Amino acid sequence: MPKNPFTRGHSRALTKRHKIAVAGVATLGAAAVAFSAVPGNAETTTSEAAGYSAPVKYTSEELKGLQADVKEQLAAKALQNKAAEAKAKAQAEAKAKAAAAAKKKAAAAAAAKKAAQARQAKEAASRAAHRAKIKAAAPKKSYANNLDGWIKESLSIMRAKGIPGSYNGLYRNIMRESSGNPNAINNWDINAINGIPSKGLLQVIPPTFQAYHVAGTSWNIYDPVANITAAANYAAHRYGSMDNVNSAY
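Just so we're clear, the structure is a prediction, and the values are computed from it rather than from any experiment.

Enquirer: An account of the overall build of the protein is needed here, citing residue identities and associated values.
Expert: A count of helical and extended segments in the protein gives eight helices and zero strands. In the protein, the share of contacts with a sequence separation of at least 24, taken over all contacts with a separation of at least 6, comes to 47%. Total accessible area on the protein stands at roughly 18,700 Å², and carbon and sulfur atoms take up 59% of it.

See below:
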């Protein structure tokens, strides 16, 4: 005998779909009972209450539409973020390029300045060398080895050193002191008694010669040009010029 398929021990478990269907039937039945139990003027209120209490349901097409909207919003936001990142990157690159260009320009200016300074120094050195070459090539002026030549050479040095004096002033004092003898020496005056006799064309004592010696001349007190120039330098400091000396000085 076939078993009863509807017995408790052999009933199948209800699927989710079956449960939803049963719940739907129960709800419809309850709604019908409620509708028949209330007066006619309460129909709208009951319907509204049922409407507010019922859950909102979306069809598959509506869900797809919502999903599409969300995807579009996300895509638009992603595009905005990407555009902002691209703009920031472009600004950073532009700033870096500007800084590099400024650095390059400064380096070029410094190199140009350094090159200009080197060129100027080279040109100055070249001019100095050229002048030295011309000066070396220029023949040195020669003077006669006599009283006239000695006075003229001494005057040339005196002019270069800013020491005043004239040919006549030097000649006059030389003739009075030594008669033009460059080796003249005074062995009888007070200086001689003190051990420092006057010597040379203008009778200069050794301490005075050393104190008023003019650079570029000999350190030999008997050298005519050195003697004249040192004596003129001394006279310039004490009397203003050898031209103002008319006696022993």
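Enquirer: I'd love a proper account of the pattern of salt bridges, names of residues and values included.
Expert: Counted under the stated rule, the structure contains two salt bridges. Between lysine 152 and aspartate 148 there is a salt bridge, and its shortest N-O distance comes to 3.1 Å. In this pair, lysine 152 and aspartate 148 both sit in helix H4 (residues 147–161), four residues apart, roughly one turn of the helix. Of the charged contacts in the structure, one is a salt bridge between glutamate 177 and arginine 176, with a shortest N-O distance of 3.1 Å. On the accessibility criterion, arginine 176 (35% relative accessible area) is partly exposed.

Enquirer: If you had to explain the packing of aromatic side chains to someone new, which residues and values would you point to?
Expert: A full pass over the atoms with the stated rule returns three aromatic pairs. A ring pair is formed by tyrosine 167 and tyrosine 171, whose centres lie 6.4 Å apart and whose planes are at 10°; its orientation type is stacked. Taken as a pair, tyrosine 167 and tyrosine 171 lie in helix H5 (residues 167–178) at a separation of four residues, close to a single helical turn. When its relative accessible area of 28% is taken as the criterion, tyrosine 167 is described as partly exposed.

Enquirer: Explain unusual backbone geometry to me, and be specific about the residues and the numbers.
Expert: Although it is not a glycine, serine 179 sits at a positive phi angle of roughly 60°. With respect to the helices and strands, serine 179 occurs in the loop between H5 and helix H6 (190–193). You can call serine 179 exposed: its relative accessible area is 56%. Phi at glutamine 203 takes a positive value of approximately 50°, unusual for a residue other than glycine. Mapped onto the elements of the fold, glutamine 203 is located in the loop between H6 and helix H7 (206–211). Look at glutamine 203 and you get buried, because its relative accessible area is 12%.

Enquirer: Outline a nonpolar patch on the surface, listing residues and values.
Expert: A cluster of nonpolar side chains, contributed by Tyr58, Leu63 and Leu66, occupies part of the molecular surface with about 300 Å² of accessible area. The residue leucine 66 is located in helix H3 (residues 60–137) in this model.

Enquirer: Could you give me a rundown of the nonpolar core, with the residues and numbers involved?
Expert: Note that soluble globular proteins tend to have their nonpolar side chains buried in a common cluster. Counting 25 residues, the largest nonpolar core has Ile151, Leu170, Ile174, Leu202, Ile228 and Met242 as the members making the most contacts within it. Elements supplying a minimum of two residues to this core: H4, H5 and helix H8 (224–239). For this core, the element with the highest residue contribution is H8, accounting for eight residues. Once you skip the residues sitting within four places of it in the chain, isoleucine 151 turns out to touch Tyr167, Leu170, Tyr171, Ile174 and Ile228.

Enquirer: Any details on the side chain of threonine 229? Residues and values, ideally.
Expert: Along the chain, threonine 229 falls in helix H8. Residue threonine 229 is classed as buried on the basis of its relative accessible area, which comes to 0%. A distance of 2.7 Å separates a polar atom in the side chain of threonine 229 from the backbone oxygen of valine 225. Apart from the residues within four sequence positions on either side, threonine 229 is in contact with Ser154, Ile157, Met158, Ile163, Val214 and Thr217.

Enquirer: Tell me about H8, and name the residues and values.
Expert: Under the 1.5 Å per step criterion, the end-to-end length of H8 is 21 Å for 16 residues, consistent within 8% with the ideal 22 Å. Among the 16 residues of H8, 13 are classified as buried, and the element is accordingly described as predominantly covered. Among the residues of H8, the N-terminal cap falls to aspartate 223, whose side-chain oxygen and the backbone nitrogen of valine 225 are separated by 3.3 Å. At the C-terminal side of H8, glycine 240 shows a positive phi close to 95°.

What counts, and where the lines are drawn
Residues numbered from 1 in each chain as written. Predicted model: local features only at pLDDT ≥ 70, side-chain atom pairs only at ≥ 80, totals over all residues. Heavy atoms only, no water. Helix = DSSP H or I, 4+ residues; strand = E, 2+ residues; numbered from the N terminus. Contact = heavy atoms within 4.5 Å. Areas by Shrake-Rupley, 256 points an atom, 1.4 Å probe, with all protein chains shown as cover. Salt bridge = Lys/Arg side-chain N within 4 Å of Asp/Glu carboxyl O. Buried < 20%, exposed > 50% of the residue type's maximum accessible area, 1.4 Å probe, protein only. Phe/Tyr/Trp six-rings, centres within 6.5 Å; stacked < 30°, edge-to-face > 60°. Patch = residues over 30% accessible without salt bridge, like charges linked within 9 Å, V, L, I, M, F, W, Y side chains within 5 Å. Core = buried A, V, L, I, M, F, W, Y, C linked by side-chain atoms within 4.5 Å. Polar contact = N/O pair within 3.5 Å; in protein donor to acceptor, adjacent residues only side chain to side chain. Expected span 1.5 Å × (residues − 1).

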